[in-house]
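Observations on the model geometry
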Amino acid sequence: MSRKFSLLALTIFALALVGCGDSEKSTQSDKDSAAPAPTALTKTELVAQADAICKDMQKELDAVPSPESMEDLEKAIAKQIEIAGPAIEELQALTPPEELATKYESWTSKLATMQERTVEIRKAAAAGSQEEVQKIVTDTSSINTEADKLGKQIGFKTCAR
C-alpha cells in the first residue's frame, strides 16, 4: 500500500474534524431534572467551543501512528473512530444561534456521515481490501469538502481547514 494512500485514508476524517471544542458535560442530576432547553450560544461562543473541541481531538489524532500496512490501517482507523465519536457527540450537544442552526445541523450531520464512512473504511481494511478502502475514501472526500465549506461559512477556524 502506498504511504500516500494510507495517510489519505487515515486523515480524511481528521481533516473535517480539525477543531472540535470542549463543552460542559451534563451530570445525571442534570438529566433527571426538568430543566428548560439549553440557551443558544452566540456565534462567538459556538465558534470558540467547537474550535476547542476540534483542537483537542486533532491533538489526539495526531498521536495516532501512520499505518504501514492494511493491519496497521485498521488499527489506526479504530483509534480514530474512538477519538472522533465523543467529539462529534460534544459538537452535536452544542446549541447554535438560530441564524446558524440549519448550517450547523448540516455540518454535524456530515461529520456523523463521515464517522459512518470511517467505520466502513475500518471494515474494508480489516478485510484487507485496499480497493474498497480507496473507493470509500474517494467517495467520502466530497462530504469532507462540503463539511469544510459549511464550517468556514459558520466561522470555524480550527474545525474547517
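About the cut-offs
Residues numbered from 1 in each chain as written. Predicted model: local features only at pLDDT ≥ 70, side-chain atom pairs only at ≥ 80, totals over all residues. Heavy atoms only, no water. Disulfide = S-S within 2.5 Å. Helix = DSSP H or I, 4+ residues; strand = E, 2+ residues; numbered from the N terminus. Buried < 20%, exposed > 50% of the residue type's maximum accessible area, 1.4 Å probe, protein only. pLDDT = per-residue confidence, 0-100. Contact = heavy atoms within 4.5 Å. Core = buried A, V, L, I, M, F, W, Y, C linked by side-chain atoms within 4.5 Å. Phe/Tyr/Trp six-rings, centres within 6.5 Å; stacked < 30°, edge-to-face > 60°.

Focus: the state of the cysteines
This model, assessed by the stated rule, comprises one disulfide. Covalent S-S linkage joins C54 and C159, the inter-sulfur distance amounting to 2.1 Å. Because the torsion about its S-S bond is 100°, the bridge between C54 and C159 counts as right-handed. Linking C54 in helix α3 (residues 43-62) with C159 in the segment after α6 (130-154), this pair joins segments that are 105 residues apart in sequence. With respect to burial, C54 and C159 carry one shared label: buried.

Re the confidence of the model for the chain
Mean pLDDT for the chain: 82, with 77% of residues reaching 70 or above. Taken as a whole, residues 11-30 scores under 50 in pLDDT and shows 75 contacts with residues more than four places along the chain or in a different chain.

Digging into the nonpolar core
In this structure, L46, L91, L94, Y104, W107, I154 and F156 are the most contacted members of the largest nonpolar core, which totals 28 residues. Mapped onto this core, the elements with two or more residues apiece are α3, α4 (70-93), α5 (101-126) and α6. Here this core gets seven residues from one element, more than from any other, and that element is α3. Counting residues in hydrophobic clusters, the runner-up holds ten residues, among them M70, I121, A125 and V137.

Quick word on the packing of aromatic side chains
Summed over all chains, the structure comprises three aromatic pairs. Both rings, one in Y104 and one in W107, keep their centres 5.6 Å apart while their planes meet at 40°; by these two values the pair is tilted. Of this pair, Y104 and W107 both sit in helix α5, separated by three residues, roughly a single helical turn. Classification of Y104 as buried rests on a relative accessible area of 3%. Judged by its relative accessible area of 0%, W107 falls in the buried class. Aromatic pair W107 and F156: ring centres 4.6 Å apart, planes at 45°, arrangement tilted. Taken together, the positions of W107 in helix α5 and F156 in the segment after α6 put the pair 49 residues apart, joining distant regions of the chain. Each of the two residues, W107 as well as F156, counts as buried. Ring pairing ties together the aromatic residues Y104, W107 and F156, which thus form one cluster.

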